[in-house]
Every structure is written in structure tokens, then in C-alpha cells.
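The lines below spell out each chain.
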Amino acid sequence: MTNVLLITYLMSLIYLSIANRLMSYVQILAFQGLLLFASSFIELAEMNPINLTFVLLETIVFKTIAVPLFLRYTIKQNNFSREAEPYLPNFVSLIIVTSIIVITFLLSNMIEDIKLNKVYFVTALSSLFVGLYIIGSRKKIITHVMGFLIIENGVFILSLAVGNEMPMLVNSGILLDLFISVLLLGVFLNKIGDVLKDVDVNQLRNLKD
Amino acid sequence: MTVPYLIGAFILVSSLFLNRNKKLSYFLVAVFLIMQWIFTVYEYQHKNIEEFGYFVPNAIGLLLLITISIISIPAFYHSFIYFTKHNDSDKSRSIYLAAMVLLIAALSLAYLSNHIGLMWVFVELTTFSASALIYHRRNLRSLEGTWKYIFVCSISITFVFIGILFLSIAVQEVGHANLTYTALLSKATELNTFWLRLAFIFIFTGYTAKLSLVPMFTAGIDAKDKAPSPAGALLSSVLLNIGFLGIFRFYEIIAQTSLLLWTNHIILIASVSSIFIATVYMVKVKNIKRMFAYSSMEHMGIVMLGIVAGGVGYYAAILHLIFHSFVKAGLFFQMGQIYRIFGSKSIYDVGNYFKYNITGAMVVLLAFISATAMPPSGMFISEFMVFRSLFESHYIIVLIFVLMLLTIIIWAFGKNMFKLLFSPPVNFVEENIEKIKPIESLSQFILFGLVIYLGINPPQEMIDLINEAVKNLPL
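This is a predicted model, so every value here is computed, not measured.

## Describing the overall build of chain B
The number of helices and strands found in chain B is 20 helices and 0 strands. Against the compact-globule benchmark of 23 Å for 475 residues, chain B has a radius of gyration of 21 Å, which places it among compact chains. For chain B, the C-alpha atoms occupy an extent of roughly 75 × 55 × 45 Å along the three principal directions. For chain B, with 475 residues in total, the buried portion stands at 57%. Within chain B, contacts between residues separated by at least 24 positions form 80% of all contacts whose residues are at least 6 apart in sequence.

Okay, structure coming up:
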């Protein structure tokens, strides 16, 4: 069952590469939050109840509801244009994201490890690299934040793979997620949104040599 | 005493943050400094005794702790001068002082952490407090610097976390759940090299953001430029040390396994390309503060080369790291005075510094000699030892390449420094320039003097500590 969920997650990454509107990014993030909720519910069933509640709250309340609503609010508030404004055409993005997934598949074949579920490994690493790719290939700063949230989802999946034996790591991963998201989104909403309208990385290019 | 220190620091940080009274703020800072020194002395006397299961004051941690305690005194002194010259609101002063205390406390505890996850938490705290310092001036440029710093550091801190996850997979396979450095070191030979390799790549990439090394160096440069000078001094000296420590602690584990050679190659590529990029920018850069930041990057490249070369290089690397902290901190403190006279950081707007501030000019001259590692500076000795170790370990081509780059760096550094010292500035109105009291340069002289003294006549305790710090590495 988790395999189905994780493969759906991979498909959502491919969809992300060709999505055009900012709102579809937000929807994909919310959907990924749901997928993570379901897979952590199945995977971490043996964990002690308090930890489990914490994980589930993080995925459902934070990743699925709070962050997408917050992003939506920011987009509406600042009247961002609806386009994601990629540097590369969608077709190229699709090819790159697909090849990222294929390469991580090939890499995971090198592992001679029976204990680790390879699907987790592939999903987590592809999510990481797709997130980096989104950061590198989109113009708006808000899409950079979204790329970062995708990296965080990848980290969450990876920590699920080691979670049952080391719950401490899952929890600290979640705290990292909360802490950085609040820091990034806080700075984003409060400061950059106030100072610059329709933020675009080109406006943050003053510091250079 | 780590947990009482932690609690005390948090109480001080929150009261500094809430308090708006100037005198009370300075009193709280003085209390913190006394606490910092009591903590340092206590930990020095309780070397290698585990505290609360997660902290061990071992040799390398103690060396860096003493370094930060020494630098924190002039850092607060120069912050005090900074506030008397700028009309900051009470609120922004409170935030600044609270962030600086938090940064120093988080770094001190990170140095002593024996648990890989705990160290990571404290490193994350340093990102948080450093960004508050960078944003101190509250203008568009500092906003840009802060945003870039937070973003790049968040990505790199995530990378470190991924590395820890991979490491934990390797640890679980040998039937363990203990991620303290001591446990990892004793189990190192049994760990699966595939996971160890992945873990190293991620942890190394992550910590390079703090260490100012390729590939994550960019944000640190902007941060050091945009932060006020006393904060820049901390970012450019003690904050680099935590990046080094993060890599060094993991390198100790790797050094026990068959991956040592592969790891050395990765670090070698990163450090040589850092020195190369630093050279290119030092030639090109027109902003003096950014030039100092690139100079830090070059020195960190040399430190990591010492680690790669091994042998006497390990000793030299740690010595170089400590000396660099003192020199770069002094240089940044001096930068504050330069900015107050000329009102600009651009090389085109400054000049004739000897005429306007003779003590400060002496500091700059001494700093130039120290930072480019010329005798009598102690950095000459450590850098020479790094090169000797490179020679002995047969990295001849690397050595020649690095020496050529260093020659260009000295030329570029000297060109800008001598422009600052001797040639008259263009369109500069001399009338209302500020007279700077010579006493404000005293701390810089002490720091540079310390480097010279420690280079020529290192105390036996320091030699023992450094030798103990590198005892886990193969010869």
C-alpha cells in the first residue's frame, strides 16, 4: 500500500514539472501532504502513540492545511501573477524531472541492503533533486520556497524509512521542517512581501561583485 | 556545566530581547561575558568528562571554545562603540544584542556537543541568530543578504540532516542506535561504506555553507558584507570554525575506514576550487569587506588542504584555523572604523588612511601582514607547515598551483590595502571626519599580537591540546 502512495507521490513530482500556475503548485503540495499522512499512518503503526500523533498532526495540519493556506494567502495578498515563470520550457522540465527519477532508480539498484525499502530511497532522493531543480529553474521567490518545501517532503519520506527504530530522528526532522518553514515563510510574508511587490529573483540581485 | 550554561544563556537572551533599557542591556551582556568565561575555565578543568550524556569537552572543542571566549569580549566592546555612533532604536539594539549572545552561546555548545544530532540543532540556532544580526540595518540590501543566507543555510542544514539519516541507516545495520561521536568512532570500521559515503557527501556539502567553501559559499559572503562589522567579525571567524568542526568530527570517523582516500579527494577538489574562486574574486572585488570575506574563504581552503595532506598538516590545519579566527576578527573590527571615516566600503572612495587615523592605519598594515601570512605573523608558521605536509604527501602539483594562486591573492590584497593606506581618495571632503580614539584599536593590536606570540612561542598546553585533537587521525 505504501508503495502505491509513494509512486503516486513520484507522479505528483512529474506533474509539478509541467504545472503552469502557482495555485497548482499549492494544490500539489497539499496533495503531497495527504500522501505523506497516509504513508506515515501505515508505516509508523508500531511507534508509540504520542510520537505517532505528533507525526500525523505535522503531516495533516501543517503540510496539508496550514502551509498551502498560507501560500494561497500570500499569493492573493501580494497579487502575484499566476504564472510560475520557468526559465525552461515545460517539455524540457518534464524530461529533466523524468531523468532525475530514472537516475535515482538506477542508483538505488546499487544498494545491496535488504533492510531498506528501496521505494522510499528513490522517492526521497528524487524529491530532493526535483526540489533543487525547481529552485534553480523558476523565477519567483515564492516558487523557491515551494521547491524547498518539496525538499522537506523528501526528507520526511527518508526519515520514515528509518523511523520505527529511531523515532528521535523523525521528530527532529519534523521540528526542522516546522522551524525552517516558519523562518522562511515568516521572512517571506513579513518582509519581502512588504518591500517588493511581485517578487522576482531579479530584484534581489544587488549583492554581487 | 553545559546545561546550567544553556539555561543561563537562554534566560539572558530572553531578558535582553525583552528589555529596552540601554544600561540594563549592557549589564546583562557583562553578566553573559562573565558566565562565558566561568564556563570556559570550568570546562577546561573538566576535560574529557562527559556531561549530561551529550556533551564532552574534548581537545578540539576546548580550543575553539577558548577562541570564541577571547573574541567575544572585543566583539561586544565594538558593538558598544557601534551603538554609540549609530542612532538605533531601542528595539533593534535589543534584538542585536540578544542575537549576538544567542550566537555565541549556540556556537559554544555546538563545539562541545558529542552527539551528531545535537550539534546539528545548535548549528541551526546559529543560522537563526546570524540572520537576525545580518538584518540589523533593516534596508533592502540587508534584506537581500538575509534572505539569501536563510535560504542557502536552510538547504544546507537539510542536507546535513539527510546525511545524518543515511548515517543512521548504517548505524542501525550494526545493531546500534547511538549517534554520539564517541560511539560512532568506536564502531567506525563496521559501518557500511555505501551509506557512509552518501552520508559524507551530504554532511560535507551541508557544512560548507558555514565553512565558506565550494559549493555553498555564496550566502556567507553576502552575510559577512551586510552584517554590522562586530557581527561580521563573528560570522567570519568563529562561525567558520563550527563548519570546520562539523566536517572534522565526521572526517575522524571516515578516517578509520577504507574511504579515507576517496574522502581526501573530495575535500581536495572542494578546497582547491575554493582557493581558485577566492583568487578570482579578490582580484575583481571592489568592496573591502567582501574582499575580507573572500580572504576567509581562501584560508579555509588552506585549512582543509592541511587536513587532506595529513601528517603535520593536521596540526597545522587546526593552528591555522585558530590564528585565522583572531586575525579575521581583528580585521573586521577595524573595518567598522574605516566605514565611520569614509562612509563607504568601496575601494574607490577610501584612501590616505594614514592621514586620518594613524593608529587604525597601523592596525590595517599589521592586519595585511597577518592575513597574507607573512612573518612574523603566526599564520606564516601554520601555512608553511601546511605546505610542507602537502610536499611530504606528494601533492606537488596541487602545491604549486595553490602557491601561484596565493601569490595573486597577496598581490590583490596588497593592491587594495595600499590604496586604502596611502593614495588620496577622490572627491572626499576632509572637514567633518570623525576623530577616532586610539584606544578603540587596542583590541585589534592584542589579537594580532596574540597571533604573533602564539606562532613564535606556543604554550605547551596549546600544543598538547592540538596534538590530542588530532590523535584519532591516521599518521
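What follows continues from the structure just given.
## A word on helix α4 (residues 90-109) of chain A
Residues and elements named next belong to chain A. Over its 20 residues, α4 runs 29 Å from end to end, which matches the ideal 28 Å to within 8%, given 1.5 Å per residue. Within α4, the full set of buried residues consists of Ser93, Val97, Ile100, Ile101 and Thr104. End-on, the buried residues of α4 take up no more than an arc of 90°, which puts them together on one face. α4 presents Phe91, Ser99, Val102, Leu106 and Asn109 as exposed residues on the side facing more than 90 degrees away from its buried surface. Lining the buried residues of α4 we find α1 (2-18) and α5 (118-137).

## Digging into helix α4 (residues 90-112) of chain B
Its 23 residues give α4(B) an end-to-end C-alpha distance of 34 Å, which sits within 8% of 33 Å, the value for a rise of 1.5 Å per residue. Judged by how many residues are buried, α4(B) sits mostly within the fold: 19 of 23 residues are covered.

## With respect to unusual backbone geometry
Residues apart from glycine generally show negative phi values, whereas peptide bonds are mostly found in trans. Residue and element names in this part refer to chain B. Residue Pro215 follows Val214 across a cis peptide bond; omega there is 10°. For Pro215, the location among the structural elements is in the loop between α8 (193-211) and α9 (218-226). Of note, the bond from Pro375 into Pro376 is cis; its omega dihedral lies within 30 degrees of zero at 5°. Along the chain, the position of Pro376 falls in the loop between α16 (358-371) and α17 (378-392). A positive phi angle, close to 60°, is found at Ser212, a residue other than glycine. On the basis of neighbour count, Ser212 is assigned to the buried category, with 30 C-beta atoms found within 10 Å. Located in the positive-phi region is Asn427, a residue other than glycine, with phi close to 55°. Topologically, Asn427 is positioned in the loop between α18 (396-421) and α19 (442-456).

## Some words on the packing of helix α6 (residues 141-161) of chain A against helix α6 (residues 140-173) of chain B
Interhelical geometry of α6(A) versus α6(B) gives an angle of 15° and a closest axis separation of 10 Å. One finds that α6(A) runs roughly parallel with respect to α6(B). Viewed along their axes, α6(A) and α6(B) form a crossing whose handedness is left-handed. On α6(B), the residues that touch A:His144, A:Phe148, A:Ile151, A:Glu152, A:Val155, A:Leu158 and A:Ser159 of α6(A) are B:Phe151, B:Ser154, B:Ile155, B:Thr158, B:Phe161, B:Ile162 and B:Leu165. Considering only residue class, the contact of α6(A) with α6(B) consists of 9 nonpolar, 4 polar and 1 charged.

## Some thoughts on the domain arrangement of chain B
Residue and element names in this part refer to chain B. For chain B, the assigned domains read domain 1 (1-258) and domain 2 (259-475). Domain 1 and domain 2 are separated by 21 Å when their C-alpha centres are compared. The interface is formed by 43 residues belonging to domain 1 together with 43 residues belonging to domain 2. Of all the elements in the fold, those that place two or more residues in the side of domain 1 that touches domain 2 are α3 (59-85), α8, α9, α10 (229-236) and α11 (238-254). Considering every element that reaches the side of domain 1 that touches domain 2, the biggest residue donor is α3, with 12 residues. Looking at the side of domain 1 that touches domain 2, its residues break down into 26 nonpolar, 12 polar and 5 charged.

About the cut-offs
- Residues numbered from 1 in each chain as written.
- Chains lettered and ligands numbered in written order.
- Predicted model: local features only at pLDDT ≥ 70, side-chain atom pairs only at ≥ 80, totals over all residues.
- Helix = DSSP H or I, 4+ residues; strand = E, 2+ residues; numbered from the N terminus.
- Rg over C-alpha atoms; globule rule 2.2 N^0.38 Å.
- Buried ≥ 20, exposed ≤ 12 C-beta atoms within 10 Å, placed from the backbone.
- Contact = placed C-beta atoms within 7 Å.
- Expected span 1.5 Å × (residues − 1).
- Arc of directions from axis to C-beta.
- Axes fitted to C-alpha atoms, helices over the stretch in contact; angles between N-to-C directions.
- Parallel < 35°, antiparallel > 145°, perpendicular 65-115°, else oblique.
- Left-handed = near helix turned anticlockwise from the far one by under 90°.
- Nonpolar A, V, L, I, M, F, W, Y, C, P; charged D, E, K, R; others polar.
- Domains from an automatic or database assignment.

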